[in-house]
Structure formats: C-alpha cells, structure tokens
Amino acid sequence: MFETYPLYSFSVTSTYQSNRSYSYSTMNRIFQMTLFSLILYMNDAKVVVFFPAPATSHVRGQTNVARALADLGHVTWVCIPDYMTKNGNIDTSGIKVIKYGQSLGDLEEMALEKTKLQESFFKNKTQGINVMIDSKLFYDQLAMTVMAEGLYGKIKALKPEFFVIGNGPFAKTISTIPYKLGIPFGVDGTFHDVVSYRIPFSPAATPLQFGNSNDEMDFWGRLQSTLGFFIQLIQPRLLEFDAVSVFAPEKPYKTLSEIIASAEIFIVELDLLIDYPRPSLPNVKLVGGMSIEGAKPLKVPYKTFIENSNNGIILVTFGSTLSHFPDYIYDKINRACMSTGLNIIWRSENPTPDPTRILTEKWVPQNDILGNKNTKLFISHCGKNGQYEALYNGVPILCLPLFWDQLYNAECARAKGYGLKADMRFVSVEDLSEMVRELVTNRTYKDTIVKASKLFRLLYKSPRKEAAFWLDHVMEFGGGYMRAASQKMPYYQFLMLDVFTCLFVAMSLIFVLWGVVIYCLCQCLLCNLRKTKMKSE
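Note that this is a predicted model, so its numbers are computed, not measured. (Residues numbered from 1 in each chain as written. Predicted model: local features only at pLDDT ≥ 70, side-chain atom pairs only at ≥ 80, totals over all residues. Heavy atoms only, no water.)

**What about the pairing of strand β6 (residues 185–189)?**
Extensive coverage of β6 is indicated by the burial of five of its five residues. Neither face of β6 is left uncovered, since the one carrying Phe185, Val187 and Gly189 and the one carrying Gly186 and Asp188 both have all their residues buried. Sheet analysis places strand β5 (residues 162–166) next to β6, joined by four bridges and oriented parallel. Paired with Phe163 across the two strands is Phe185, which belongs to β6. The sheet contact formed by β6 and strand β7 (residues 265–268) spans four bridges and is parallel. What sits directly across from Asp188, in β7, is Ile267. (Buried < 20%, exposed > 50% of the residue type's maximum accessible area, 1.4 Å probe, protein only. Helix = DSSP H or I, 4+ residues; strand = E, 2+ residues; numbered from the N terminus. Pairing = 2+ DSSP bridges.)

Now the structure itself:
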C-alpha cells in the first residue's frame, strides 16, 4: 500500500472573528493546497519514483535526495522494503512511500544469510565467485518477488515521468521498470561502474573499488587492477539475468547493461576527499555524502553517558551489517578501547560487561554521536554512510572492514591519513590497543581529517541538493547533450574490438606477405647458388 506524508506544513494566522464560517484548520488546508498547486504549476513538477537497493544506507541516501527533489516542487515516491518502514531507521518525512516485500521480511538479513558473508568471514573462508553468484540470485529472486506482489502495477498507476534506480552491481534488474514504462531514468549510488557508464578508463592509473587497491600501485597492483577490470567487464555477461524477456517481453530485447547505459544522468556517491581522482564524463556526477547532515542534540541515555565520560568516548558501530559479534571479537575490541581510559558506545546486541564504561544499544544515533566534541575515535567497518559521517564531523577512524566495498573504503581512509585499518579476526589485543592509542593521542590523524572536513564542507555544501539539482535538470532539459559517443556504442565498438581485430588481421597479413616474400627470396637465392655451383663444376 501507499503511505503519504505532507510535503509542506505551513500554518496561517488570521484576524478573522470566531464567527467566521471558515475554521483555521480548513483555511490552512486551502492555503496549503493552493500553494502546492502554484508550486507544481510554476516548476513544471513531475512525479518521480526512486527505487534504491534494499540496504539501509542506500535507502537512506536516496530518501534524502528524494526529499531535496520534493523541496523543488516535484512529487517524489520512494520504494522502501516493508521492514524498514517499521523499524524507524528511515526518515520518510517530506516524501511519499511505496511499500514492498511484505512477504520477504528483513531483506538485509536475507541477503547476508543467502550469501553466507558473515559466516564465511568469521570462519576465515575466501569469498570467491560463489558470493557474486549468490548475490546475483538473491537480487533476481527479489526482483521476481516484488513484481509478483504487483509492485509494477502500483508504480504504473502513479504515472511517473522519471525514475531513479540504485547502481549496485547486482541491482540492475530494476532498470526494467522504467524501460517497460518507456520513461527516462537516472542512476544513483556508490558504485563507479566504468563498464556500464562507458567511461574511458585505465585500471593502471585509477583503482577499481575492491580489495586493498589504492592509487599508488606497483606492478603487481596494476596487474591485479587490470585483471579485476576484465572480470568486471566479463562478469555481467556471465551472470546477467535475462530480465527484459521475463518482465518486459513486449519491448525490444536489450541487455541490462544496454539499458543502464541509456540513463539520462549517473550520480555516483564518491568525491576527491573520500576517494581518489577518477575519470568521468559530462553526465557522470561525483557527489559524495547524501546522508550527511548536522549533528542533533543527544538524548538519554547517550547524553548522560557522554557527559559522565570525562576523558571522552569511542564510538563502535558496524552499521546494519553486523550487530552481534563473536565473543572473542567483542572482548578484543573492548579490552583495546578500555586500555586508553576512554568509555565506549557500542551498537551491539552483546550485553555490556561494565555499564559504567561501556554502553551497548541495538541502535545508536551515529551521526549525532560523531558530531559531539567528546567523541575521540570511530571504530567502524567503513560502510558508505559511516565513512562520510566521520569525514564530515572530523573524527579519526579505526577501520575494521568485513567484505565488499568496505575493504576498499578502509584502504582509502588509511592512504589518506584519516585512520588505520586492521583485520579484526587476526589482530592481537596488544596491536589493536596500540592502534587505538595512536589514533587517540597522535594529533596528525585528527588534524588531517579535520582539514578534509573543512574542504568537504566548502566544496560540497549540500550533496543531496546537488544530486536533486542534476535530476531536476535532466527532467527539464534531458541529458542528451551530455551523452558521450561511448555511451551510444555497442560494447565491441567501445572496447575497439573491431579495430583491434582489423589491426590483428592486417598485421597477420603483413607478416604472411613478408614470410612469402622472404621465402621466395630465399628460394631464388638457393636457385642462384645451385646454378653458380653447377657452372663452376
């Protein structure tokens, strides 16, 4: 079902006498409806549907952009899994909500269970191609389930004029909805997908978003990055779901990659301060930090706990990825942190061993705690939102990544001097304690990230508004004038396979011709030698 929320909450005061036939509430409603109708008329407002990947950080980011777009006068709907609308972690004020997945439950837990990522991580198992396949199957199953629930019919009934999808590697299936509806769409998310966006790219100069890559690669790093690029190039062809034939059989057949390449705008949640300089195209906008905002005043129990922590506190949270830790991990991190004399706030379901020093909660206001001046260190898995909130608030990070892009984010934070990183499974208590003390006592890390925070606030005053601006821009003017020729080509032309094939054939013919010429010359030379020998005899 749909849930609606007021876009505006203006009130009006009146000097009318109490015997007027109009009540104040009626006047307010008339005023709001008139004002909203005027805004729609003046701004040529459109109905826009957002469909983020079903992960809390992605939903939160797109919800913020949708809210900023609604402030420009558009009617914005966001597709949000049913369980997220109930747990209170998503701010849905100022937007309209389309629920889905009532029969699926917690999709994030379902994804982690499907891919066995947590289980594999703590059992020290390598996460190979099977993880990509399992993730692929999960998103295909998700897409088929939400379609079966009639989600497409709900969206179609809204008569949307623009669509925004997430850009996760395995969330492309949802691009069949705008393709089936025949409406323009944009892409928004954290993945800098150089293959799908057709960005001219050198893996030897710019790292891919995986593993321990950074932009200062030796030969083996460049080799690994190049191999990763070819895997990224080939993998969609091996695992891509034939979604058009299933969901839009009446439309001309296209691969998901071809559909994605036709987007009006690509908004990538990255920037120079959290990532490395990257090649781009006019319709690929690098805008980092959709979730950031100013810290709000803390409430009990956080306010009281921090006020009673004379030396400051360490915030430990692994987002929605992990809330229950193996005992040996929980004990290791606690011992390392308490050795500094600082108190700890954990987002954890594990019970606290010392309530005076360690506060554990199932959910914590992460950004608000990071914005408190008594927060000295952030211990994090380096997820999308956490890294930006630490940057925005200028708090050093001890990165303990688990999987996926967290490994890459952690290496970026280390390389830029924002913090240190370790593998929580193998690092000793002594080494972890030393890292915590280093980050708390060495001002270099604090000064570096505070400087970066000032730059970020200067360069990206309001990322969600910038993203909303570009979406509004292409809705009004279209994105065709920004589209590069590479985004209109088939893959074989973009990769110059036809050119390389032609050159290979030409070079082969040249070598063959040279071989024939040399062979003929040799034969002539041999004949002349034989004749000379016969004459001499």
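After that view, the rundown keeps rolling.
**Concerning the packing of helix α13 (residues 327–338) against helix α17 (residues 429–441)**
In the contact formed by α13 and α17, the axes pass within 8 Å of each other and the chain directions differ by 45°. Here α17 runs oblique to α13, going by the angle between their axes. As for the relative orientation of α13 and α17, their crossing is right-handed in sense. Two secondary-structure elements touch here, α13 through Lys332, Ile333, Arg335, Ala336 and Cys337 and α17 through Val429, Leu432, Ser433 and Val436. (Axes fitted to C-alpha atoms, helices over the stretch in contact; angles between N-to-C directions. Parallel < 35°, antiparallel > 145°, perpendicular 65-115°, else oblique. Left-handed = near helix turned anticlockwise from the far one by under 90°. Contact = heavy atoms within 4.5 Å.)

**Thoughts on helix α18 (residues 443–459)**
With 17 residues, α18 extends 24 Å from end C-alpha to end C-alpha; this agrees with the ideal 24 Å at 1.5 Å per step. Every buried residue of α18 is accounted for by Tyr445, Ile449, Ala452, Ser453 and Phe456. Down the axis of α18, the buried side of the element spans an arc of 110°, and every buried residue falls inside it. With respect to the buried face of α18, the exposed residues turned more than 90 degrees away are Arg443, Lys451, Lys454 and Leu458. (Expected span 1.5 Å × (residues − 1). Arc of directions from axis to C-beta.)

**Thoughts on the environment of Leu471**
Mapped onto the fold, Leu471 is located in helix α19 (residues 463–477). Classification of Leu471 by relative accessible area gives buried; the value is 1%. Sequence separation between Leu471 and Phe266 is 205 residues; the distance between their C-alpha atoms is 9.3 Å. Excluding residues within four positions of it along the chain, Leu471 makes contact with Phe50, Val65, Leu69, Phe162, Val164, Ile265 and Ile267.

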